[in-house]
Amino acid sequence: MITTALVSAWIARFGEIIEDRADYLTKLDSPIGDADHGANMLRGMTAAVPAAENAPTIDAQLKAVGMAMLSKVGGTSGPLYGTLFLKAAMTLGQRAEVAPSEFAAALRTGADALAFRGKAEPGDKTMVDALAPAVAALESHVAEDFAAAAEAAHRAADEGRAATTDMVARKGRASYLGERSVGHTDPGATSATYLFQALAEVSR
Amino acid sequence: MTVGIVLVSHSRALAEASLALAEVMLSDERPHVAIAAGMPDGRFGTDATAVMSAIEQVNSGDGVAVFADLGSALMSAEAAIDLLGVGDDVRIVAAPFVEGLTAGLIRAAMGANLDEVVEAAESSMDAKLSALGRLPQEQVGERRGGTEVRLVNAIGLHARPAARLAALASKYDAEITVSFSGRAPVNAKSTMSLMALGAKLGDTILVDAEGPQADEALDAVVSFIAQGLGDPPA
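Since the model is a prediction, treat every value here as computed from it, not as a measurement.

Engineer: Mind laying out the interface of chain B and chain A, listing which residues take part and the relevant values?
Structural biologist: With 18 residues of chain B at the contact, the number on the chain A side is 22 residues. Regarding the contact of chain B and chain A, the summed buried area is about 1400 Å², with carbon and sulfur atoms giving 57% of it. Area buried by chain B at its contact with chain A is led by Arg-43, Met-75 and Leu-83 of chain B, which between them contribute 34% of it. Put simply, chain B and chain A have 3 salt bridges between them. Between Lys-87 of chain A and Asp-82 of chain B there is a salt bridge, with its nearest N and O atoms 3.0 Å apart. Of all the elements in the fold, those that place two or more residues in the side of chain B that touches chain A are α2 (48-58) and α3 (72-84) of chain B. If one sorts the elements of the side of chain B that touches chain A by residue count, α3 of chain B sits on top with 7 residues. In terms of residue class, the side of chain B that touches chain A is made up of 6 nonpolar, 7 polar and 5 charged.

Right, here's the structure in full:
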């Protein structure tokens, strides 16, 4: 089962990775964005981690993370990650543990809502390029073993992240650069990969 | 009727200055306005929860028009509306920030409904295109005739008289145009377009109308202009 303890650990680990990699995320965001993704995500996660720890049920944890991202991030990733977590929370009901398949379905709902909010499709060089394959991998392996499914999701996210390097940006400020965005890995796809790296690490 | 106005911007300074600039056009009436802009530490950014509070603060039941600058401002506004679960009475305006806010604020101050405020704001780009002579040719159209009328009020087609004229024109089911000095006709329902004509006291403008209520509209608009657009005669 997926428990509140696991969700707390997941969000805390995601926060640690963001802290470690904040400068790298900002560096990725410099040539093709406004050079704030690392600092923005760090501000969001600094609020999200304690909020998730203090919430009594999984839906409340995800909601608290979503609200923290909405209000603290400041950039586009705020409403996007906010939507991901809030919409995932809404599918779960007030429970302290949920089945892995329900958890995967909740993330699917959240990821779809995020893509809708950003009007982004795979191939647009956005976080969707990491999230969509990650959630698909999680769903397709979740019946076997959650740790293995989370590992598969992380691998899929990382492949999706790497593939953004050769893409032409079609969304956000990077799209103004057109062909000049090629050769740069998308910072949003990179932070989304960390989300699944964190899930894989705490699920082992 | 008081449509609420919400400004969503990356920068509090930008939002406050845009509002101050737009408010120059108002007389006594002030619509309910709230700003959700910038981050608490002064950095650029938007906060969807602040947008939610701003919408709730100005929503008196007649609807809210949300003006957003770019990128995350639009997305935070969409997330806020989604989370509030409000219906079609809270709308994000698809208009350039300064022009749209100016046109929408004037119309809201005059007691227009939400449809009219949004329409005024969303047609504000035409005014800029027209002022620069870049309205697409097909919008110029072939006009059969129209009625000439001279401006008799002291400030001509300035903000408040233009807003009154646009409000009057909006009441008719007709496409009403105003042209001046041989330039492309503009939509008489758009305050900003009318202002962009730059017509002053003593200038003669050409009014034309097409559609189901064209005749009534033309009569009403021409006589309103001839009587001074609600201003005291010069």
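Moving on from the model shown.
Engineer: Requested: an account of the side chain of Thr-190 of chain A, with residues and values cited.
Structural biologist: Residue and element names in this part refer to chain A. Mapped onto the elements of the fold, Thr-190 is located in helix α8 (residues 187-203). The buried category is assigned to Thr-190, whose relative accessible area is 1%. In contact with Thr-190, other than residues within four places in its own chain, are Tyr-24, Leu-25, Leu-28, Arg-161 and Thr-185.

Engineer: I'd like to hear about the UniProt feature "domain: PTS EIIA type-4" (unreviewed entry) in chain B, residue by residue, with values.
Structural biologist: UniProt feature "domain: PTS EIIA type-4" (unreviewed entry): in the numbering of this structure it lies at residues 2-132 of chain B. Taken end to end, residues 2-132 of chain B is 50% helix and 15% strand, and its first and last C-alpha atoms sit 33 Å apart.

Engineer: Describe unusual backbone geometry, with residues and values.
Structural biologist: All names here are of chain A. Phi at Lys-119 is positive, roughly 50°, even though this residue is not glycine. Its place among the elements puts Lys-119 in the loop between α5 (100-118) and α6 (128-141). Positive phi outside glycine occurs at Lys-125, with the angle close to 65°. The exposure class assigned to Lys-125 is buried, which follows from its relative accessible area of 2%.

Engineer: Help me get a handle on the UniProt feature "domain: DhaL" (unreviewed entry) in chain A, residues and values and all.
Structural biologist: Following the UniProt record, one finds the feature "domain: DhaL" (unreviewed entry) at residues 5-201 of chain A. End C-alpha atoms of residues 5-201 of chain A are separated by 14 Å, and the span's content is 71% helix alongside 1% strand.

Engineer: Explain the packing of helix α4 (residues 77-90) of chain A against α3 of chain B residue by residue, including any values.
Structural biologist: When two helices pack together, their arrangement is given by the angle between the helix axes and by the axis-to-axis distance. Between α4 of chain A and α3 of chain B, whose axes approach to 10 Å, the crossing angle comes to 20°. Taken together, the axes of α4 of chain A and α3 of chain B lie roughly parallel to each other. Crossing geometry of α4 of chain A relative to α3 of chain B is assigned as left-handed. Within the contact between the two elements, α4 of chain A uses Pro-79, Leu-80, Thr-83, Leu-86, Lys-87 and Met-90 of chain A and α3 of chain B uses Ser-72, Met-75, Ser-76, Ala-79, Asp-82 and Leu-83 of chain B. Its residues assigned to classes, the contact of α4 of chain A with α3 of chain B comprises 7 nonpolar, 3 polar and 2 charged.

Parameters at a glance
- Residues numbered from 1 in each chain as written.
- Chains lettered and ligands numbered in written order.
- Predicted model: local features only at pLDDT ≥ 70, side-chain atom pairs only at ≥ 80, totals over all residues.
- Heavy atoms only, no water.
- Contact = heavy atoms within 4.5 Å.
- Buried area = accessible area lost by both parts, 1.4 Å probe.
- Salt bridge = Lys/Arg side-chain N within 4 Å of Asp/Glu carboxyl O.
- Helix = DSSP H or I, 4+ residues; strand = E, 2+ residues; numbered from the N terminus.
- Nonpolar A, V, L, I, M, F, W, Y, C, P; charged D, E, K, R; others polar.
- Buried < 20%, exposed > 50% of the residue type's maximum accessible area, 1.4 Å probe, protein only.
- UniProt positions renumbered as here; feature names shortened; annotations may be inferred.
- Axes fitted to C-alpha atoms, helices over the stretch in contact; angles between N-to-C directions.
- Parallel < 35°, antiparallel > 145°, perpendicular 65-115°, else oblique.
- Left-handed = near helix turned anticlockwise from the far one by under 90°.

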